[in-house]
Amino acid sequence: MSSEKPKTNCSVIILAAGKGTRMHSDTPKVLHKIAGKAMLAHVVEAAKALEPDALVVVLAPHMDAVKAEIQKIYPSCLFAIQEEQKGTGHAVACGMELLKGAEGDVLVAYGDTPLVRGETFAALLSEKQRHAATIALAGIYLENPTGYGRLVMKSEPYVECIVECKDASAEQKKIRWGWGGVMAFDAAFLHDGLKRLAPSPATGEYYLTALLELATAKGEKNLMVEMSVTEAMGVNDRVQLAEAEAALQARLREAAMKKGVTLVAPDTVFLATDTQFGRDVVVHPHVVFGSGVVVGDRVEIKSFSHVEQAAIGAGSVVGPYARLRPGASLAENVHIGNFVEIKKSNIAKGAKINHLSYVGDAEVGAGANIGAGTITCNYDGTNKYQTVIEEGAFIGSNTSLVAPVKVGAGAIIGAGSVITEDVPADALSFERSEQTTKPERAKIMREAK
Ligand code: UD1
Ligand code: CA
C-alpha cells in the first residue's frame, strides 16, 4: 500500500460497543491494554493521523469509562450510543446519526484491531479514490482465516460480497482472503445502504459486511486493498490479546533498534508506544518500560529494572533491579544501583544512589552520595513531605531521613542515623546511642551453655 494523504474529506467511525463476551471480563473489551495503552486508544491514535472532519466512537450504554479514556487523547471525539448490540451494520448506523451531513468518505474501523496504523487508513482512502471505488476494504491473505469474513472475488481485486465465517458454506470457508476490519465508503452510499440492510438469517445480526452485496447489485465497485496480517489482528479473547501484545512489542523493539538502541535480548524488553530513546542507549535483558519514559544519550539500563513516567539523563546508569516510578527525574551521569526505588524526585548531575534505598519526594543535589539502605521517610500515614539533600552531601549507610528535612551542601551524615532536624552545610551529623563493648563476655556466655 502506498500512503499519500487522501485529498477528499473523510470522517471516521470506530466500533467499540460489542459485548466482548469472549474476554470473560468486567472491563469493556476495548479498554484491555496492549503496550500499556487501551486497545481502542491505539485505533483512535491511528485515526487521528488522518485529521478527519469528524471522529465518532460507537459505545454501548454504561461505557463512561471508555469515553473518559478517549476524551483524554482526542477531546473533540464524538460518541454514539448503540442501545442494543444488533451487529456491526447497526452499530455503524448509530454512528452515522452523528454524521448526517458527512461528505466524501466514511472510514469504518474496529476498536478491537489495535495494531492498525494510520498509514494503512490513508492508503486505503487514496486507493479508493484512485480506482473511483464506492467501497474500499482491507484484505488479508491468511494461512488460517477462521473467524474472519471471507472475500468472494470473481475478478481480483474487486469483491462481490463478504461471507461471515458463521454463515459460510464449506466451499466458502476455503477462501483464504479475509476482511481485516477496515472499510471506507462513499458517504452517500453508506447513508442509503444502511437503511436497506437486512438481518442475517443465521444470527439475526445486521452485518456491515452485507453492504457489499447491495453495492454489487447496484453495479458499484468494491475494491480490495491488501493489508498486513499483523495489523489486522483482531482481539476477541485473551489468547489473541497476548498475541497482539507480542506483535506490537516486536514492532516497537524493531523501531527502537533501527533508531540506534542496543537491546541485548530484545524479546525480554517491554516497551510502551511513547518510550523515547537518545543515541547509543544500551538496554540489558529483562527491562520493562511503562508509559512516559524518556531516556537520554548513552544511558545504560541493566537487567530487571522497571521504569515508568520517568526521565533518565544522558550517561546515567540504572540497575540492575532498579525501579523508577512516576516523577523520577535523573539528570546527566546519575548512578542508580540495585534495589533502589525512586519516586517523584529530582536527582541532579552525577549523584549516586547505588544500593538498597528508597528516595521519594526528594531533591538530591549534584554529586551527592547516598549510602546503602538510605530511606527518605516521606509519609506519616496522612501527608507526604519533602526531603532536600544538597550538592555534594554524603549520607552514611542505613540512614533514615525523616521528612520534612534538609541536609545542607557538603554535609556528612554518620551511618545508622535517624535524621529529624535540618543539617547545615558542611556539618557532620550523626544520631546513634553509644556503643557498649564488654571484653570476653561472648566467650563467657558460650562457655556457660
Ligand atoms: C468482524 C467482521 C469480520 C472481519 C473481522 C475482522 C462483521 C459482521 N464481521 O468479525 O468480517 O473479518 O471483524 O476483525 O463485521 N460491535 C459493535 N456493535 C455490535 C457488534 C460489534 O460496536 O453490535 C463492534 C465490536 O465492539 C468490535 C467490532 O464491532 O469492535 C467487531 O465486532 P466483532 O464481534 O469482534 O466481529 P468479528 O466476529 O471479529
Ligand atoms: Ca473482532
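Definitions and cut-offs
- Going along each chain's sequence as written, the residues are numbered from 1 onward.
- Chains and ligands are labelled sequentially in the order written, the chains with letters from A and the ligands with numbers from 1.
- The model is predicted, so local features are restricted to residues of pLDDT at least 70 and side-chain atom pairs to those at 80 or more, both for listing and for counting; the totals for chains, interfaces and linings are taken over all residues.
- Calculated side-chain values reflect all of the structure's heavy atoms, with hydrogen atoms and water omitted.
- Helix numbering and strand numbering both begin at the N terminus, where a helix is a DSSP run of H or I of at least 4 residues and a strand a DSSP run of E of at least 2.
- Note on exposure labels: buried denotes an accessible area under 20% of the residue type's maximum, exposed denotes more than 50%, and partly exposed covers the range between, all computed with a 1.4 Å probe on protein chains only.
- The contact criterion used throughout is that any non-hydrogen atoms of two residues lie within 4.5 Å.
- Only the protein chains shown count as cover for residues, with accessible areas throughout obtained via the Shrake-Rupley method and a probe of 1.4 Å.
- When charges are counted, neither His nor the chain ends are considered; positive counts come from Lys and Arg and negative counts from Asp and Glu.
- By convention, the charge on Lys lies at NZ, on Arg at CZ, on Asp at CG and on Glu at CD.
- Whether a residue is near a molecule or strand depends on its heavy atoms: it is near if one of them lies within 4 Å of it.
- Polar contacts, as used here, are pairs of N or O atoms within 3.5 Å; protein pairs need one atom able to donate a hydrogen and one able to accept it. Residues neighboring in sequence count only if both atoms are side-chain atoms.
- Each residue gets one label: Ala, Val, Leu, Ile, Met, Phe, Trp, Tyr, Cys and Pro are nonpolar, Asp, Glu, Lys and Arg are charged, and the others, such as Gly, are polar.
- Axes here mean lines fitted to C-alpha atoms, for a helix over just the part in contact, with angles spanning 0 to 180 degrees between N-to-C directions.
- Each angle is binned into one of four classes, with values under 35 degrees roughly parallel, values over 145 roughly antiparallel, values of 65 to 115 roughly perpendicular, and all other values oblique.
- Crossing handedness: left-handed means the near helix sits turned counterclockwise from the far one by under a right angle, and right-handed means the same turn made clockwise.
- In plain words, nonpolar cores are sets of buried Ala, Val, Leu, Ile, Met, Phe, Trp, Tyr and Cys residues tied together by side-chain atoms within 4.5 Å.
- Two strands pair if DSSP finds at least two bridges between them.
- Patch membership needs two things, relative accessible area over 30% and no salt bridge, and members are linked within 9 Å if like-charged or within 5 Å if nonpolar (Val, Leu, Ile, Met, Phe, Trp, Tyr).
- The salt bridge criterion pairs a side-chain nitrogen of Lys or Arg with a carboxyl oxygen of Asp or Glu, the two atoms within 4 Å.
- Counted as coordinating are nitrogen, oxygen and sulfur atoms within 2.8 Å of the metal, or 3.2 Å for Na, K and Ca, while water is not included, which may make sites look incomplete.

(A) Here's a closer look at the overall build of the protein chain. Across its full length, the protein chain carries 9 helices and 37 strands. With respect to the three principal axes, the spread of C-alpha positions in the protein chain is 105 × 55 × 40 Å. When the 449 residues of the protein chain are sorted by exposure, 48% land in the buried category. A separation threshold of at least 6 residues defines the contact pool for the protein chain, and within that pool the share at least 24 residues apart is 45%. Carbon and sulfur atoms provide 51% of the accessible area of the protein chain, an area that totals close to 21300 Å². For the protein chain, the distance from the average position of its 47 positive side-chain charges to the average position of its 52 negative side-chain charges is 3 Å.

(B) Region of interest: the site of ligand 1. Near ligand 1, the surroundings consist of 23 residues, among which Gly18, Gln82, Tyr110, Glu164 and Trp179 are the closest. Backbone polar atom of Gly18 to an oxygen atom of ligand 1: 2.8 Å apart, as the coordinates give it. When the residues that make up the shell around ligand 1 are grouped by side-chain class, the tally is 8 nonpolar, 10 polar and 5 charged.

(C) Spotlight on the packing of helix H3 (residues 88–96) against helix H6 (residues 187–195). Remark: H3 packs on H6, axes separated minimally by 10 Å, with the N-to-C direction vectors making an angle of 120 degrees. Taken together, the axes of H3 and H6 lie oblique to each other. Taken as a pair, H3 and H6 cross one another with a handedness that is left-handed. Contacts from Gly89, Val92, Ala93 and Met96 in H3 reach Ala187, Leu190, His191 and Leu194 in H6. Here the contact of H3 with H6 is built from residues that sort into 6 nonpolar, 2 polar and no charged.

(D) Examining the nonpolar core more closely. Residues Ile13, Val57, Phe121 and Leu137 are the most contacted members of the largest nonpolar core, which totals 79 residues. Each residue touching Leu137, except ones within four places of it in the same chain, is listed here: Leu124, Leu151, Val159, Ile162, Trp179, Val182, Met183, Leu212, Leu223, Met224 and Val225. With 55 residues, the next largest nonpolar core counts Met39, Val269, Val307 and Val364 among its residues.

(E) Spatial organisation of the pairing of strand S1 (residues 10–15). In terms of burial, S1 is a largely internal element, 6 of the 6 residues being buried. The side-chain alternation of S1 yields two buried faces, one formed by Cys10, Val12 and Ile14 and the other by Ser11, Ile13 and Leu15. Across 6 bridges, S1 lies against strand S6 (residues 105–110) in parallel orientation. Among the inter-strand pairings, Cys10 is bridged to a residue of S6, identified as Asp105. Bridge count for S1 against strand S4 (residues 54–59) is 5 bridges, and the pairing is parallel. Looking at S4, one finds that Val12 is bridged to Leu55.

(F) Quick look at a nonpolar patch on the surface. A cluster of nonpolar side chains, contributed by Phe304, Tyr321, Phe339 and Leu356, occupies part of the molecular surface with about 420 Å² of accessible area. Mapped onto the elements of the fold, Tyr321 is located in the loop between strand S20 (317–318) and strand S21 (322–324).

(G) The arrangement of the sheet that holds strand S17 (residues 300–301) in detail. The strand order S12-S14-S17-S20-S23-S26-S29-S32-S35-S37 describes an open sheet built from 10 strands, whose pairing is parallel. In this open sheet, the two strands that pair with only one neighbour each are strand S12 (262–263) and strand S37 (428–429).

(H) Up close: the pattern of salt bridges. Throughout the structure, instances matching the rule amount to 19 salt bridges. In this structure, Glu160 engages Lys154 in a salt bridge whose closest nitrogen and oxygen atoms are separated by 3.4 Å. One continuous salt-bridge network, built from bridges that share partners, spans Asp105, Lys128 and Asp186.

(I) A look at the coordination of the calcium ion (ligand 2). Distances from the calcium ion (ligand 2) to its protein donors, Asp112 (OD) and Asn236 (OD1), fall at 2.3 to 2.5 Å. Placement of the pair is Asp112 in the loop between S6 and helix H4 (118–130) and Asn236 in the loop between strand S11 (222–226) and helix H8 (238–258), with a sequence separation of 124 residues. This pair shows no difference in class: Asp112 is buried, exactly as Asn236 is.

(J) How the structure looks around the environment of Val359. Relative to the assigned elements, Val359 resides in strand S27 (residues 358–360). Under the relative-accessibility criterion, Val359 is labelled buried at 1%. Between the alpha carbons of Val359 and Asn338 there is a distance of 13 Å; along the sequence they are 21 residues apart. Setting aside residues no more than four positions away along its own chain, Val359 makes contact with Glu341, Ile342, Lys343, Ser345, Ile347, Ile353, Val364 and Thr376.

(K) Main features of the pairing of strand S10 (residues 177–186). The buried fraction of S10 is high, at 9 of 10 residues. Where S6 meets S10, 5 bridges bridge the pair, whose relative direction is antiparallel. Within S10, the residue paired with Leu107 across the bridge is Ala184. As judged from the 6 bridges shared by strand S7 (residues 135–141) and S10, these two strands associate in the antiparallel manner. Within S10, the residue paired with Ala136 across the bridge is Ala184.

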